[in-house]
Amino acid sequence: MSDNNEQAVATLPEEERPETPEEAQPEPKPDEEPPAKMEDVITIDPEATELDLNHGRVGKIEQLEPLVNLERLYMRWNLIKKIENLDHLTELQELELYDNQITELENLNCLVNLEMLDVSFNRLHKIQNLEELTKLRKLFLCANKISTIENVGHLSNLTMLELGDNKIRKIQNLESLTNLTHLYLGKNKINKIENLDQLVKLECLSLQSNRIVKLENLDKLVNLTELYISENGIERIENLAENKALETLDLAKNRVKVLENLDHLACLEELWMNDNAVSDWNCVTVLAQNKKLATVYLERNPLAGDATYRNKLKLAVPWLTKIDATLCR
């Protein structure tokens with residue numbers, strides 16, 4: 001303590017003094033590059049009808065104003081956070097924004113000729129702002145955080161709707177999509193098949209990896225050729241009497257114990273039943289009624305533990321060409 005009672009303050013040499021937050025300038029990690037600017041990745045051609053900017057590290061949609069003839073714009077695997085600056089691209093028919101960082105569907109109303117929109121693998125929470133896109137035929141919104149099917153009823157020209165890998169709990173608000181042929185709802189939280197009666201043109205329905213425990217409410221889907229409903233909790237094959245056009249039936253990874261109610265499916269070519277609980281060989285004989293059946297998966301069922309499993313299956317259905325991914329001799 002000094003004579004004038006002043007408190008001593010310790011100081012570090014200048015070269016050892018830590019930087020303040022304002023002074024600190026963290027160096028970028030070697031594997032992190034800043035987003036690319038649009039002018040660095042494209043050369044503007046006003047006559048272009050297609051532009052591919054996939055894997056361009058583009059951070060913002062901009063400087064596309066001269067491309068008034070553009071019909072197809074592909075911007076997959078970039079760093080885009082916002083849909084913007086597209087108002088002048090009124091001739092656009094296809095827009096791909098797959099795997100970016102987009103949080104909202106917005107600023108699309110001027111794209112009145114758009115037929116295909118892909119905003120899969122982004123950060124969307126809601127389907128919205130598609131009111132003017134009445135020409136849309138294909139809409140891909142898989143791998144987002146969408147919880148409700150909504151705001152698509154006016155899209156009467158849709159033939160394909162992909163909503164897999166979201167947080168959807170209920171099949172709803174699809175009644176007016178009467179031209180839909182392909183509907184993908186796999187990897188959601190759906191617990192019941194419902195509200196599909198109006199989708200009479202549906203050819204492919206995917207409901208894999210949900211919480212469904214019963215096959216039901218499919219009787220109006222008479223044109224259905226592919227039904228994928230693996231990784232659920234289904235215990236019985238039932239209620240497929242009107243689905244006579246089925247060619248592929250995927251019931252893998254469920255809780256089915258008996259092969260039944262399949263004999264009327266004269267068009268059935270592929271039956272995927274692996275990872276179920278089928279143990280009785282007697283029920284396998286019902287497959288002899290399916291004369292077009294070419295592929296059967298029954299591996300990891302109790303009956304597949306039989307050393308002569310493949311031979312028995314081939315004897316029951318001699319025209320099989322593939323058993324459990326292995327070609328028959």
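Preceding this section is the structure that the text describes.
I will try to describe carefully the structure that is included in this document. Keep in mind it's a predicted model, so treat the numbers as computed, not measured. (Residues numbered from 1 in each chain as written. Predicted model: local features only at pLDDT ≥ 70, side-chain atom pairs only at ≥ 80, totals over all residues. Heavy atoms only, no water.)

A short note on the environment of lysine 291
Examined against the element boundaries, lysine 291 turns out to sit in the loop between strand S11 (270-272) and strand S12 (295-297). Expressed as a C-alpha distance, the spacing of lysine 291 and tryptophan 319, which sit 28 residues apart in the sequence, is 7.6 Å. For lysine 291, the side chain forms a polar contact with the main-chain oxygen of alanine 288, separated by 3.0 Å. (Helix = DSSP H or I, 4+ residues; strand = E, 2+ residues; numbered from the N terminus. Polar contact = N/O pair within 3.5 Å; in protein donor to acceptor, adjacent residues only side chain to side chain.)

Considering the nonpolar core
Core analysis: the biggest nonpolar cluster contains 86 residues, and Leu73, Leu95, Leu117, Leu139, Leu183 and Leu205 have the highest contact counts within it. Setting aside residues no more than four positions away along its own chain, leucine 73 makes contact with Leu51, Leu64, Leu86, Leu89, Leu92, Glu94, Leu95 and Glu96. (Core = buried A, V, L, I, M, F, W, Y, C linked by side-chain atoms within 4.5 Å. Buried < 20%, exposed > 50% of the residue type's maximum accessible area, 1.4 Å probe, protein only. Contact = heavy atoms within 4.5 Å.)

Side note on the environment of glutamate 260
You can see glutamate 260 is positioned in the loop between strand S10 (248-250) and S11. The spatial distance from the C-alpha of glutamate 260 to the C-alpha of valine 284 is 8.7 Å, given a sequence separation of 24 residues. The contacts of glutamate 260, once residues within four sequence positions are left out, are Arg236 and Ile237. Engagement of the side chain of glutamate 260 in a polar contact is seen with the side chain of arginine 236, the distance being 3.0 Å.

Things to note about the side chain of asparagine 232
Position of asparagine 232 relative to the elements: it lies in the loop between strand S9 (226-228) and S10. Under the relative-accessibility criterion, asparagine 232 is labelled buried at 11%. A polar atom in the side chain of asparagine 232 sits 3.1 Å from the backbone nitrogen of asparagine 210. Within the structure, the side chain of asparagine 232 is placed 3.0 Å from the backbone nitrogen of isoleucine 212, a separation counted as a polar contact.

Side note on a positive patch on the surface
A contiguous patch of positive charge, built from Lys81, Arg123, Lys145 and Lys167, is present on the exposed surface. As for its placement among the helices and strands, lysine 145 is situated in the loop between strand S5 (138-140) and strand S6 (160-162). For lysine 145, a relative accessible area of 38% puts it in the partly exposed group. (Patch = residues over 30% accessible without salt bridge, like charges linked within 9 Å, V, L, I, M, F, W, Y side chains within 5 Å. Areas by Shrake-Rupley, 256 points an atom, 1.4 Å probe, with all protein chains shown as cover. Salt bridge = Lys/Arg side-chain N within 4 Å of Asp/Glu carboxyl O. Lys, Arg positive; Asp, Glu negative; His and termini not counted. Charge placed at Lys NZ, Arg CZ, Asp CG, Glu CD.)

As for the pattern of salt bridges
Per the counting criterion, the structure on display carries 12 salt bridges. Of the charged contacts in the structure, one is a salt bridge between glutamate 194 and lysine 170, with a shortest N-O distance of 3.2 Å. Highlighted residues: glutamate 194 in the loop between strand S7 (182-184) and strand S8 (204-206) and lysine 170 in the loop between S6 and S7, separated in sequence by 24 residues. Residue classification places glutamate 194 among the buried residues on the basis of a relative accessible area of 15%. Residue lysine 170 is classed as partly exposed on the basis of its relative accessible area of 36%. Between glutamate 260 and arginine 236 there is a salt bridge, with the nearest N and O atoms lying 3.0 Å from each other. Here glutamate 260 is found in the loop between S10 and S11, whereas its partner arginine 236 is found in the loop between S9 and S10, with 24 residues between them in sequence.

Some details on the packing of aromatic side chains
Inspection of every chain in the model, using the stated rule, returns 5 aromatic pairs. With 5.0 Å between their ring centres and 45 degrees between their planes, tyrosine 98 and phenylalanine 121 make a pair best called tilted. Placement of tyrosine 98 in the loop between strand S3 (94-96) and strand S4 (116-118) and of phenylalanine 121 in the loop between S4 and S5 is noted, with a sequence separation of 23 residues between them. Tyrosine 98 gets classed as buried once you look at its relative accessible area, which sits at 18%. Since its relative accessible area comes to 37%, phenylalanine 121 is described here as partly exposed. (Phe/Tyr/Trp six-rings, centres within 6.5 Å; stacked < 30°, edge-to-face > 60°.)

Points about the side chain of glutamate 162
Note that glutamate 162 resides in strand S6. With no salt bridge to any partner, buried glutamate 162 finds its closest opposite charge in arginine 76, at an N-O distance of 10 Å. Within polar-contact distance, the side chain of glutamate 162 engages the backbone nitrogen of glycine 164 at 2.7 Å.

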